[in-house]
Amino acid sequence: RAVAIDPRNAHSHYELALVYETNSQLENALTELHEAIAIDSDHQPALIEMSSVYIKLGRPRESIETLTKVMRLKDSGKLHPESRSTLYRNLGWVHLLRGEYAYALEELNEALGTDEKERSEALTSDRTGAVLLVLYGQALEKNGRTLAAAGPYYEAALKKISNTSSLKDAIFAAEPLWLADNQ
């Protein structure tokens, strides 16, 4: 309805995209995100969400292209602090899917925090999403760490899952790697 009232409002298109994404209508979500970015090329939530949708559609190259735009905002000092963690989460996610496990761990470390104390706090923080924790656990395992090292991140992710959408996204984040491991 907000898009109908003000079709030139980038944030309304972004919000509609989130509704589509929640309902697994990823192509419709992508259309709305493109519309938001056409209106405001620096709309960070739309750019970052677009990278997530590209990942879910199995289009990591396009996700990286989108994240490159966000990195330019970061390099120019225009990145919103709340966008930082998701930017690095998505970069790590793409590297995991591409089998670039060391790079994935570097990016996911950035998403969680740069030191052991920050990573430890991330296990209990409300700001850390379940998807990030699942991806971090996978990156640890793929880099030769034991399940004992990755386990606390998986456990924290399970505690955070409180609704179907979070569960669906966390499973989606894990599924490609589980499938690859079991083929």
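Please refer to the structure higher up on the page.
Residues numbered from 1 in each chain as written. Predicted model: local features only at pLDDT ≥ 70, side-chain atom pairs only at ≥ 80, totals over all residues. Heavy atoms only, no water.

Caption draft 1: Representation of the pattern of salt bridges in the model. As enumerated under the stated definition, the model contains 7 salt bridges in all. Measuring nitrogen to oxygen at the nearest pair gives 3.8 Å for the salt bridge that ties E27 to R59. Here E27, found in helix α3 (residues 26–39), pairs with R59, found in the loop between α4 (44–56) and α5 (60–75); they are 32 residues apart in sequence, far enough to count as distant. For R59, a relative accessible area of 26% puts it in the partly exposed group. With a shortest N-O distance of 2.7 Å, R59 and E62 are connected by a salt bridge. (Salt bridge = Lys/Arg side-chain N within 4 Å of Asp/Glu carboxyl O. Helix = DSSP H or I, 4+ residues; strand = E, 2+ residues; numbered from the N terminus. Buried < 20%, exposed > 50% of the residue type's maximum accessible area, 1.4 Å probe, protein only.)

Caption draft 2: Main features of the nonpolar core. Ranked by size, the top nonpolar core spans 45 residues in total, and within it L33, L87, L108 and Y136 carry the most contacts. Listing elements by their share of this core, those giving two or more residues are α2 (10–22), α3, α4, α5, α6 (81–97), α7 (101–112), α9 (130–142) and α10 (147–160). Among the elements that line this core, the one with the most residues is α9, at 9 residues. (Core = buried A, V, L, I, M, F, W, Y, C linked by side-chain atoms within 4.5 Å.)

Caption draft 3: View of the packing of α6 against α7. Where α6 contacts α7, the two axes come as close as 7 Å, and the packing angle between them is 165°. Between α6 and α7, the interaxial angle falls into the category roughly antiparallel. Seen from above, α6 lies across α7 with left-handed handedness. Contacts between α6 and α7 involve R84, S85, Y88, R89, L91, G92, H95 and L96 on the former and, on the latter, Y101, Y103, A104, E107, L108, E110 and A111. Of the residues that constitute the contact of α6 with α7, the class distribution is 8 nonpolar, 3 polar and 4 charged. (Axes fitted to C-alpha atoms, helices over the stretch in contact; angles between N-to-C directions. Parallel < 35°, antiparallel > 145°, perpendicular 65-115°, else oblique. Left-handed = near helix turned anticlockwise from the far one by under 90°. Contact = heavy atoms within 4.5 Å. Nonpolar A, V, L, I, M, F, W, Y, C, P; charged D, E, K, R; others polar.)

Caption draft 4: Highlighting α2. End to end, α2 covers 19 Å across 13 residues, agreeing with the expected 18 Å (1.5 Å per residue, within 8%). Of all the positions in α2, only A10, S12, H13, Y14, A17 and E21 are classed as buried. Sitting at the amino-terminal end of α2 is N9, which places a side-chain oxygen 2.9 Å from the backbone nitrogen of H11. Looking one or two residues beyond α2, the residue adopting positive phi is S24, at roughly 60°. (Expected span 1.5 Å × (residues − 1). Polar contact = N/O pair within 3.5 Å; in protein donor to acceptor, adjacent residues only side chain to side chain.)

Caption draft 5: Seen up close, the packing of α7 against α9. Taken N-terminus to C-terminus, the directions of α7 and α9 make an angle of 140°; their axes are 9 Å apart at the nearest point. Classified by chirality, the crossing of α9 by α7 is left-handed. Across from Y101, L105, L108, N109, A111 and L112 in α7, the residues of α9 making contact are L132, L133, L135, Y136, A139, L140 and K142. Residues belonging to the contact of α7 with α9 are distributed by class as follows: 11 nonpolar, 1 polar and 1 charged.

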